[in-house]
Amino acid sequence: MNTGSAPISIVIPAYGAADLVERCLKALSLELNARGAIDETIVVDDGSPNEVPAAQGGAQGGAQGGAQGGAQGSAEPGTLARALAPAFPRVRFVTRRTNGGFARALTDGIAAAKHALVFALNSDVVVRVGTLAPLAAALEDPTVFAAVPRVLLDGDERRVESWVEFVPESGRVVFDQPCLTRRARAPREDRDVAFPVGGACLLRKREFVELGGFDPLFEPFYFEDADLGLAAWRGGKRTRLVVAAAVEHRHRGTISKVVGDEATGARLVHAAIGRNAWLLEWKHSTVDELRAHVAALERAATDAWITEDRERLVALALALERAEQALAAPRPAPGASLRDLAPRWCDTRPSSAG
Amino acid sequence: MRIALVAHGFPPLERTGVENHVAELAAEFARRGHDVHVCVPRRHPRLAELALRTETRAGFTIHWLTRNEPPRTAADHQEPPGVERAFAEWLERERPDVVHVHHVAKLGLGVLSAARHACVPVVFTAHDHFAYCHRIVHLRPDLSRCTSVGDPRACARCDLAASALNRVRSLGDWQAGADVERLPRDVRERVVGALEDDFRSRRARALLDERHALDARRLAALAAVELVLAPSRFLAERLVHAGLPSERVIHEPQGCDVAALAATEPARSNGALRLGFVGGLSKHKGLHVLLEALAGLGPRVRLEISGETSDAAWHAHLRELARGVEATFHGGFAASERARVFARCDVVCVPSIWEENAPLVVAEGFAAGRPVLASRLGGLGELVRDGVDGVLVEPGDVGAWRSVIAVWIRDRAPLDALRANVRAPRTLAAEADALLAHYQRVLPAPRALPGSLVGFAREHAAADGAAFDALAERVARGLEAFRERVGAPRESGFAALVRSAVARDVLDVARDSRREREWLATSLRARQDASAELTKLARAKREADERYRAEHAALLAERDAVIAAKRAADHELAELVRHAETLKLELERAAREHTRLVDELATKREAERRLQQLVQAAVEDRKRVGEHIAWLERSLAELAADLTDCGGGAGGGAGGVGASRGAEPRDGTALGSALPERLAQARRAFAEMRAELEFRRAEMRAALDDKTGFFGKGALGLRLERWRTRAEERR
């Protein structure tokens, strides 16, 4: 019987926003206390700026972890460590000297993790009590590469962000979140999904390292987790959505805050998403698929040009400028491309909730 | 740098100072390697409203925005509908680093707000009084100079007066104002009255409120731009006085193409004096003052007029004024012809009646080596050094203008002296240098980003900040490389598309179609809304009709019920009337009965009173009778005693014979003979008296026992009758 009692290293990459991290740690401490202090918590300070205010007060006793507090990767404690360590003495802080982005910070955190199971967690995600054990239990199945909880957008039970899939559309394979885009009914049973969302997923440290971690092709953000999930899928592993586990994604537009204004931040984010969607598709397509794909590219470019859709054209321009890196990656074997994966989701697509 | 220039017109369609200057600046910037885009409105009836067409000229691109629809309201005039969005879309496509607005006429304030929303810094050059005068020239409709700055009451009065001018068709461009002396009397009075309006009427108050709001909005829009350039110190001070932030208002003189004008043929020092008027023939430019001043000066002075106007009525008036003067109308000219234009004159005249800012014609005249004769007004005093390189004259003072010209006609030496002092004005290159420095100043500072975002943000900015055509070209190149990389056929439809001029025209048409579709969709929505409203109204009408019918039927029923009720009420009323009459009769009868009863009561009371009197009398009678009886008894006793004494004995009782007894002699003889008779009489009398006494006792007893019966008429009468009879009998 699966118990999910294996110890877990929780890794939280963060850039500034001590208030978010504090909220995240407070919620997490409840879960860790319930599990009996077998896990560890690592906050990776991704080169936060200095003007992070100190935390007003942590949870009683702080988040439970297996190692003593302190900074790693830097002789001096980072900004977040200075702000949060007094309130969360059992949390380990790994400080990066320079900002490297989510993927690199998470990779550093995983490298510092002591346990075989690693739970990647965004700082704007709040863990509900009882989340980790079902995820750990799911990973007791060796065919499962990663286990993801129901990531509920703003705590809404109907909006499950972690149910992700790829679907063919107009000669392309596009990313889809059925609960958000098609108002599909939230899953009531565990199911396979296309990849583990980086914001909240449990995976094995060893497999993460063996797969090479996150591909810098997708920096600064978005779709690095999809790429990792597809790489695992190509190796015969799958990602499991565990409905018994749930976290709340309290979206705060952190990138927009960092960039300056909301509009600019949104443009930047959309450009990254659009670009990386193309790169992901190109990286996981066979040569023949790529040749056939050129027509779709032409059509997409022409559509964007005629409708004067600057955003789409910008994403395409950025992707094309990085196409060489995507195309230089090893081609998937026949039957293991993104296009091969996509029909699986179509076959199992749930009916709309109406 | 990608620079967007915005103006209200552009050569060759518009060929006056500002438009020509913007064209020169665009060419100058382009010559320096900047990517220059000019957005200007134009009228093009064959194109849809707000349709955009591009034209490449002298290294820069002109974007003609079609503006065919005339403004219908003051608000439309200030912010024409749709322009803001069209300009925003244009900014989205062209992505300039800075927008330099030279005028917003015909485009409206929307260009400023669109740029602000797109986060593109704006530099605004104030070429006139637009910031605080919606009429731009700061002249009132009677062509007098306005003395207020930013007073909405003064501005609203101008609106009222201008609307009065609208009644005179022959005025042509009536909005520019008119010489009131030339107006029909009723219009003149109306204009004069409007300029002194006290806003008591509802219309005037509404207009004042609207003007207040529009002026405030205009000033706020201008105050929000990053930098306001004023070509003259005079205007810079005015702008600050009007409310623009002083730290954003900068005096920045304009330059001109000095090199092109330096080659102008030198002025003459002999022959007829040639005056030159160069510029638009608008009313505020004061050409009419100059023409009037020249009247009567003869053929030794000529006026060369180079310029044009769209106001045919005013043009005809000027020609009328020029009839007795040596004047030639040369019409408009291209910027390239300026040297030839200035070569025609020996002195440049600027007889403006409005407060000029910094008319380029002065700088150009100096560049051509001509002294300037100008009005002492506005910024002209900053350009013309009075008595050094020109002469300043009171504006509108025909006599003053005439006397200066007359002196020069007689003696050209002063003019030659002025000409010798003329200095080359500021060059266009110098102005361009200053403007580029200003543009750099207003560019937003780059924001510090986290290290992980710097590279991507830079890449993104390069792509997203590029003009749309450049971006498309980038994608086309990337697509070609991608094709090659994956071994796909080389021909790229997209690359061919974006590099085709025809395709770009198609894109223009597609954009027009899109805009038209949006317009149609908007219209359709409006119609659907109207239709829905009509349907709603029809349904409401149907429901109202049904309600009306139901109410009508109810009312009819109610009416019938009311009629029936009325009839019943009438009937009842008649009954009541009848009953009332009966009651009235009964009342009268009752009244009569009451009177009778009152009378009877009085009678009864009288009878009772009389009865009381009778009773009293009877009591007294009884008392007397008692006394009398007692006397009689005593008499009888005495009589009996006497009789006894007399031997006769006394067989009878007492009798009332005292009186006779007293009168009778007490002689025994006589007494003895009469005594039996007298005794018998006494006895009879005694018996009668006794009977009477008994009767009265009985009567009194009966009366006391049966008072009611006693008071009954019959009984009373009977008793009275009986008493009367009894009294008679007694008598």
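### A short note on the overall build of chain B
From N to C terminus, chain B includes 25 helices and 14 strands. Taken over the C-alpha trace, chain B has a radius of gyration of 65 Å; the compact-globule value for 731 residues is 27 Å, which it surpasses by more than 25%. Based on the C-alpha atoms only, the size of chain B along its principal axes is roughly 205 × 90 × 55 Å. Within the span of chain B, comprising 731 residues, buried residues form 43% of the whole. Here the contacts in chain B between residues at least 6 apart in sequence split such that 69% fall between residues at least 24 apart. When the 112 positive and 106 negative side-chain charges of chain B are each reduced to one mean point, those points stand 1 Å apart.

### Topic: the overall build of chain A
Within chain A, the regular secondary structure consists of 13 helices and 12 strands. Scored against the burial criterion, the 354 residues of chain A give a buried share of 59%. Counting only contacts in chain A whose residues sit at least 6 apart along the sequence, the fraction spanning at least 24 positions is 80%. Of the accessible surface of chain A, which amounts to about 13800 Å², a share of 52% is contributed by carbon and sulfur atoms.

### Some points on helix α15 (residues 398-410) of chain B
Between its terminal C-alpha atoms α15(B) stretches 18 Å, which fits the 18 Å expected from 13 residues at 1.5 Å a residue. Every buried residue belonging to α15(B) is among Val398(B), Trp401(B), Val404(B), Ile405(B), Ala406(B), Trp408(B) and Ile409(B), and all of these are buried.

### Some words on the sheet that holds strand β5 (residues 98-101) of chain B
Neighbouring strands of a sheet are bound in pairs by backbone hydrogen bonds; such pairs are parallel or else antiparallel. Residue and element names in this part refer to chain B. Ordered by their spatial adjacency, eight strands build an open sheet running β3-β4-β2-β1-β5-β6-β7-β8, and the pairing between neighbours is mixed. Across the chains shown, the open sheet's two edge strands, defined by having one partner strand only, are β3 (52-57) and β8 (249-251). Taken pair by pair, the neighbouring strands of this sheet meet at an average axis angle of 25°, ignoring direction. Bridge analysis of β3 against strand β4 (residues 60-66) gives six bridges, and the strand direction is antiparallel. Bridged to Glu-55 within β4 is Ile-62.

### Some words on the pairing of strand β13 (residues 372-375) of chain B
All names here are of chain B. The sheet contact formed by strand β12 (residues 347-350) and β13 spans three bridges and is parallel. Paired with Val-350 across the strands is Ala-374, a residue of β13. The parallel pair β12 and β13 is bridged by helix α13 (residues 360-367), and the resulting crossover is right-handed. Where β13 meets strand β14 (residues 390-393), four bridges bridge the pair, whose relative direction is parallel. Looking across to β14, one finds that Ser-375 is bridged to Val-393.

### Re the confidence of the model for chain B
Residue and element names in this part refer to chain B. Taken residue by residue, chain B gives an average pLDDT of 85. The fraction at 70 or more is 91%. Note on residues 648-668: pLDDT is under 50 here. Beyond four places in sequence and across chains, it has 40 contacts. Predicted confidence is poor over residues 709-713, with pLDDT under 50, and the contacts of this stretch with residues over four places away or in other chains come to 13 contacts. Here the prediction assigns the complex a pTM of 0.72, and the interface score ipTM is 0.85.

### Re the packing of helix α10 (residues 287-294) of chain B against α15(B)
All names here are of chain B. Between α10 and α15, the least distance of the axes is 8 Å, while the angle of their chain directions is 60°. Considering the angle they form, α10 stands oblique to α15. In terms of crossing hand, the pair formed by α10 and α15 is right-handed. Contacts between α10 and α15 involve Val-289, Leu-290, Glu-292, Ala-293 and Leu-294 from the first element and Val-398, Trp-401, Arg-402 and Ile-405 from the second. In the contact of α10 with α15, the residues fall into seven nonpolar, no polar and two charged.

### Section: the sheet that holds strand β9 (residues 273-278) of chain B
Residue and element names in this part refer to chain B. Across the sheet, which stays open at both edges, the six strands sit in the order β11-β10-β9-β12-β13-β14 with parallel pairing between neighbours. With one partner strand each, in any of the chains shown, β11 (327-331) and β14 form the two edges of the open sheet. Along the sheet, successive strands turn relative to each other by an average axial angle of 20°, direction set aside. This element, α13, spans β9, β12 and β13 of the sheet and lies at about 175° to β12.

### Re the nonpolar core
By size, the foremost hydrophobic cluster in this structure holds 129 residues, and its most contacted members are Phe119(A), Phe166(A), Trp282(A), Phe482(B) and Phe494(B). The next biggest cluster of nonpolar side chains, apart from the first, holds 40 residues, and it includes Leu107(B), Tyr132(B), Leu239(B) and Val249(B).

### Points about the interface of chain A and chain B
Interface size is often expressed as the accessible area that is lost when the parts come together. At the junction of the two partners, chain A supplies 44 residues and chain B supplies 43 residues. Carbon and sulfur atoms supply 66% of the area buried between chain A and chain B, which totals about 3700 Å² over both sides. The largest share of the area that chain A buries against chain B comes from Trp305(A), Glu308(A) and Arg310(A), three residues that together contribute 24% of it. Across the contact surface, chain A and chain B share nine salt bridges. Counting the contacts that link chain A with chain B gives 17 residue pairs in polar contact (both at pLDDT 80 or more). No other element matches the 12 residues that helix α10 (residues 287-306) of chain A contributes to the side of chain A that touches chain B. Classifying every residue of the side of chain A that touches chain B gives 26 nonpolar, seven polar and 11 charged.

### With respect to the pairing of strand β9 (residues 172-176) of chain A
Among the five residues that make up β9(A), four are buried, leaving the element largely enclosed by the rest of the structure. Linking two consecutive strands that pair antiparallel, namely strand β8 (residues 165-169) of chain A and β9(A), is a turn of two residues; a positive phi of about 50° is found at Ser170(A) within it.

### Description of the packing of aromatic side chains
The tally for this structure, following the rule as stated, stands at 13 aromatic pairs over all chains. Relative to Phe195(A), the ring of Phe166(A) lies with its centre 5.9 Å away and its plane at 40°, an arrangement referred to as tilted. Of this pair, Phe166(A) sits in strand β8 while Phe195(A) sits in the loop between β10 (191-193) and β11 (200-204); the two residues are 29 residues apart in sequence, bridging distant segments of the chain. Classification of Phe195(A) by relative accessible area gives buried; the value is 2%. Three or more aromatic residues link up through ring pairs in this structure, and these residues are Phe166(A), Phe175(A), Phe195(A) and Phe223(A). The side chain of Arg172(A) reaches across the aromatic face of Trp278(A), ending 3.4 Å from its centre. The cationic tip of Arg218(B) hangs over the ring face of Phe130(B); the distance from NZ or CZ to the ring centre is 5.4 Å.

### Remarks on the pattern of salt bridges
Taken as a whole and judged by the stated rule, the model has 81 salt bridges over all chains. Here Glu165(A) makes a salt bridge to Arg182(A), at a shortest N to O gap of 3.2 Å. Taken together, the residues span a long stretch of sequence, with Glu165(A) in strand β8 and Arg182(A) in the loop between α5 (178-181) and β10 at a distance of 17 residues. Judged by its relative accessible area of 0%, Glu165(A) is buried. Residue Glu321(A) pairs with Arg474(B) through a salt bridge whose shortest N-O separation is 2.6 Å. Note that Glu321(A) is positioned in helix α11 (residues 310-321) and Arg474(B) in helix α19 (residues 468-486), a pairing that runs across two chains. The class for Glu321(A) is partly exposed, based on a relative accessible area of 44%. For Arg474(B), a relative accessible area of 19% puts it in the buried group. Several salt bridges converge on common partners, so that one network encompasses Arg128(A), Arg150(A), Glu157(A), Glu248(A) and Arg250(A).

### Some points on the environment of Ala138(A)
All names here are of chain A. Take Ala-138: it is sitting in helix α4 (residues 132-138). The class for Ala-138 is buried, based on a relative accessible area of 15%. C-alpha separation for the pair Ala-138 and Leu-327, spaced 189 residues apart in sequence, amounts to 34 Å. Once you skip the residues sitting within four places of it in the chain, Ala-138 turns out to touch Val-144, Ala-147 and Val-242.

### Comments concerning a nonpolar patch on the surface
Residues and elements named next belong to chain B. Residues Leu-573, Leu-576 and Val-577 make up a contiguous nonpolar surface patch of roughly 270 Å² in combined accessible area. One can find Leu-573 in helix α21 (residues 501-646). Owing to a relative accessible area of 49%, Leu-573 belongs among the partly exposed residues under this scheme.

Cut-offs used in this document
Residues numbered from 1 in each chain as written. Chains lettered and ligands numbered in written order. Predicted model: local features only at pLDDT ≥ 70, side-chain atom pairs only at ≥ 80, totals over all residues. Heavy atoms only, no water. Helix = DSSP H or I, 4+ residues; strand = E, 2+ residues; numbered from the N terminus. Rg over C-alpha atoms; globule rule 2.2 N^0.38 Å. Buried < 20%, exposed > 50% of the residue type's maximum accessible area, 1.4 Å probe, protein only. Contact = heavy atoms within 4.5 Å. Lys, Arg positive; Asp, Glu negative; His and termini not counted. Charge placed at Lys NZ, Arg CZ, Asp CG, Glu CD. Areas by Shrake-Rupley, 256 points an atom, 1.4 Å probe, with all protein chains shown as cover. Expected span 1.5 Å × (residues − 1). Pairing = 2+ DSSP bridges. Axes fitted to C-alpha atoms, helices over the stretch in contact; angles between N-to-C directions. Right-handed = clockwise from strand over helix to strand, strands pointing away. pLDDT = per-residue confidence, 0-100. Parallel < 35°, antiparallel > 145°, perpendicular 65-115°, else oblique. Left-handed = near helix turned anticlockwise from the far one by under 90°. Nonpolar A, V, L, I, M, F, W, Y, C, P; charged D, E, K, R; others polar. Core = buried A, V, L, I, M, F, W, Y, C linked by side-chain atoms within 4.5 Å. Buried area = accessible area lost by both parts, 1.4 Å probe. Salt bridge = Lys/Arg side-chain N within 4 Å of Asp/Glu carboxyl O. Polar contact = N/O pair within 3.5 Å; in protein donor to acceptor, adjacent residues only side chain to side chain. Phe/Tyr/Trp six-rings, centres within 6.5 Å; stacked < 30°, edge-to-face > 60°. Lys NZ or Arg CZ within 6 Å of the ring centre and 35° of its normal. Patch = residues over 30% accessible without salt bridge, like charges linked within 9 Å, V, L, I, M, F, W, Y side chains within 5 Å.

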